[in-house]
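# Coordinate inspection notes
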Amino acid sequence: MRIAVTTDGKRVAEQFGKNIKFTIFEVLRGQMRGKLLIDVSASGGQEALVYILKNEGVEVLLCGEVSESIKESLERYGIEVICGLRGSVHSIIRAYIRGYLKEA
């Protein structure tokens, strides 16, 4: 499973679309098997970010705030969105893997 986290340094970015980086984690059987930091600063807007995540095989997006229209676009591509998150990227991904975060 591929899980993306909006990234601002070591923290979850406050708002989808204003950040220019995602950390994508490869998770297998509840264990992190790898991660990839992608810079999408030249992406061409929020809709392009949705397309990039889909092309990267992302199944779940963990993020701060996200507009309802972008959330719906992500969900149309089959990407589960869990928003309203704050904290360090690694704390958030560990919480998700352990089952502490659910879609609201």
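Each remark here, short or long, concerns the structure printed above.
As a starting point, this report considers the structure included with it. Every chain is numbered independently, its residues counted from 1 as its sequence is written. The predicted nature of this model means local features are confined to residues of pLDDT at least 70 and side-chain atom pairs, given and counted, to a pLDDT of 80 or more, with totals for whole chains, interfaces and linings taken over all residues. Derived side-chain values reflect all non-hydrogen atoms in the structure, with water molecules and hydrogen atoms excluded from consideration.

Right, let's get into the overall build of the chain. A count of helices and strands for the chain gives 3 helices and 6 strands. Here the C-alpha atoms of the chain give a radius of gyration of 12 Å, agreeing with the 13 Å that 2.2 N^0.38 yields for 104 residues. Expressed as lengths along the three principal axes of its C-alpha atoms, the size of the chain is roughly 35 × 25 × 25 Å. Accessible area is worked out with a 1.4 Å probe on protein chains only. A residue is then buried under 20% of its type maximum, exposed over 50%, and partly exposed in between. Among the 104 residues that make up the chain, the fraction classed as buried is 40%. Expressed as a percentage of contacts within the chain between residues at least 6 apart in sequence, the contacts between residues at least 24 apart total 45%. A 1.4 Å probe and the Shrake-Rupley method give the accessible areas. Residues count as covered only by the protein chains that appear here. Total accessible area on the chain is roughly 5800 Å²; 47% of this is exposed by carbon and sulfur atoms. In this count, Lys and Arg are taken as positive residues and Asp and Glu as negative ones, while His and the chain termini are left out. One atom stands in for each charge, and that atom is NZ of Lys, CZ of Arg, CG of Asp or CD of Glu. Across the chain, the mean location of the 15 positive side-chain charges is 9 Å away from that of the 13 negative side-chain charges. Only DSSP runs of H or I covering at least 4 residues are called helices, and only runs of E covering at least 2 are called strands; the numbering of each starts at the N terminus. We compute the radius of gyration over the C-alpha atoms and compare it with the globule rule, which gives 2.2 Å times the number of residues raised to the power 0.38. Here, residues are in contact when the closest pair of their heavy atoms is within 4.5 Å.

Glancing now at the nonpolar core. Within this scheme, the nonpolar core is defined by two criteria: the residues are buried Ala, Val, Leu, Ile, Met, Phe, Trp, Tyr or Cys, and they are joined through side-chain atoms within 4.5 Å. In this structure, A4, F16, F22, L53, L61 and L74 are the most contacted members of the largest nonpolar core, which totals 17 residues. Of all the secondary-structure elements, those providing two or more residues to this core are β3 (21–28), α1 (46–55) and α2 (68–76). The element best represented in this core is α1, accounting for 3 residues. What F22 contacts, discounting residues up to four positions off in sequence, is A4, V5, T6, T7, F16, L36, L37, I38, V40, L49, L53 and L61. With 15 residues, the next largest nonpolar core counts F25, V60, L85 and I93 among its residues.

What follows covers the packing of aromatic side chains. Each Phe, Tyr or Trp ring (for Trp, its six-membered ring) is paired with any other whose centre lies within 6.5 Å, and the angle between the two planes then decides the class: stacked below 30 degrees, edge-to-face above 60, tilted in between. Scanning all chains against the criterion turns up 1 aromatic pair. An angle of 50° between the planes, with centres 5.8 Å apart, marks the rings of F16 and F22 as tilted.

Within the secondary structure, R11 sits in strand β2 (residues 11–12). Overall, the relative accessible area of 48% leaves R11 in the partly exposed class. C-alpha of R11 to C-alpha of I92: the two residues are 81 residues apart in sequence and 9.1 Å apart in space.

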